[in-house]
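Read off the chains here:
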Amino acid sequence: MTTDPFMNDADQKIAAFADGELDGEQNLEMLNRMAKDPSLAQRVTEHQKLRVAVGKAMGDPSIKTPDSLRDQI
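Residues numbered from 1 in each chain as written. Predicted model: local features only at pLDDT ≥ 70, side-chain atom pairs only at ≥ 80, totals over all residues. Heavy atoms only, no water.

Q: Sorry, what's going on with the overall build of the protein chain here?
A: Looking only at helices and strands, one finds five helices and zero strands in the protein chain. Ordered by position from N to C terminus, the α and β elements of the protein chain give α-α-α-α-α. In the protein chain, which comprises 73 residues, the share counted as buried stands at 19%. Considering only intrachain contacts with a sequence separation of at least 6, the fraction spanning at least 24 residues in the protein chain is 42%. (Helix = DSSP H or I, 4+ residues; strand = E, 2+ residues; numbered from the N terminus. Buried < 20%, exposed > 50% of the residue type's maximum accessible area, 1.4 Å probe, protein only. Contact = heavy atoms within 4.5 Å.)

Here it is as structure tokens:
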């Protein structure tokens, strides 16, 4: 059984892809993997939705966010 080196840091690559932080080659690799693996594509979609929701919450003055949490996000 061979291991896929991509899967060793899949969570980091998903986050980087969703945040637009991958270079062109890595971006293309992720797109190819997502085309072959619907569950990977779903994970990316969920990360993107979470990113948008956190962004809205962070910008909403009615939601009190502790400074320590803001610093971590």
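Q: Mind showing me how you'd approach the nonpolar core here?
A: Within soluble globular proteins, side chains that are nonpolar generally end up buried alongside one another. Ile 14, Ala 16, Phe 17, Ala 18, Leu 22, Met 30, Met 34, Leu 40 and Val 44 together form the largest nonpolar core, which totals nine residues. Listed by contribution, the elements that provide at least two residues to this core are helix 2 (10–18), helix 3 (24–36) and helix 4 (38–59). Take this core: its biggest share by element is four residues, from helix 2. Residues contacting Ile 14, with those up to four places away along its chain left out, are Met 30, Leu 40, Arg 43, Val 44 and His 47. (Core = buried A, V, L, I, M, F, W, Y, C linked by side-chain atoms within 4.5 Å.)

Q: Help me understand the packing of helix 3 against helix 4 in this model?
A: When two helices pack together, their arrangement is captured by the angle between the axes and the distance separating the axes. Helix 4 packs onto helix 3 with a crossing angle of 120° between their chain directions and a minimal axis gap of 5 Å. Here helix 3 lies oblique to helix 4, going by the angle between them. Along the contact surface, helix 3 presents Met 30, Arg 33, Met 34 and Lys 36, while helix 4 presents Pro 38, Leu 40, Ala 41 and Val 44. (Axes fitted to C-alpha atoms, helices over the stretch in contact; angles between N-to-C directions. Parallel < 35°, antiparallel > 145°, perpendicular 65-115°, else oblique.)

Q: I keep staring at helix 2 and nothing clicks. Help me out?
A: Note on helix geometry: an α-helix contains 3.6 residues per turn, so any two residues three or four positions apart are oriented the same way. Listing the buried residues of helix 2 in full gives Ala 10, Lys 13, Ile 14, Ala 16, Phe 17 and Ala 18. Downstream of helix 2 by a residue or two, Gly 20 has a phi angle that is positive, lying close to 75°.

Q: For this particular structure, what's the right way to read the environment of Ala 16?
A: Within the element layout of this structure, Ala 16 appears in helix 2. We classify Ala 16 as buried; its relative accessible area is 12%. Along the primary structure Ala 16 and Val 44 are separated by 28 residues, whereas in three dimensions their C-alpha atoms are 9.7 Å apart. Discounting chain neighbours no more than four positions away, the residues touching Ala 16 are Glu 21 and Leu 22.

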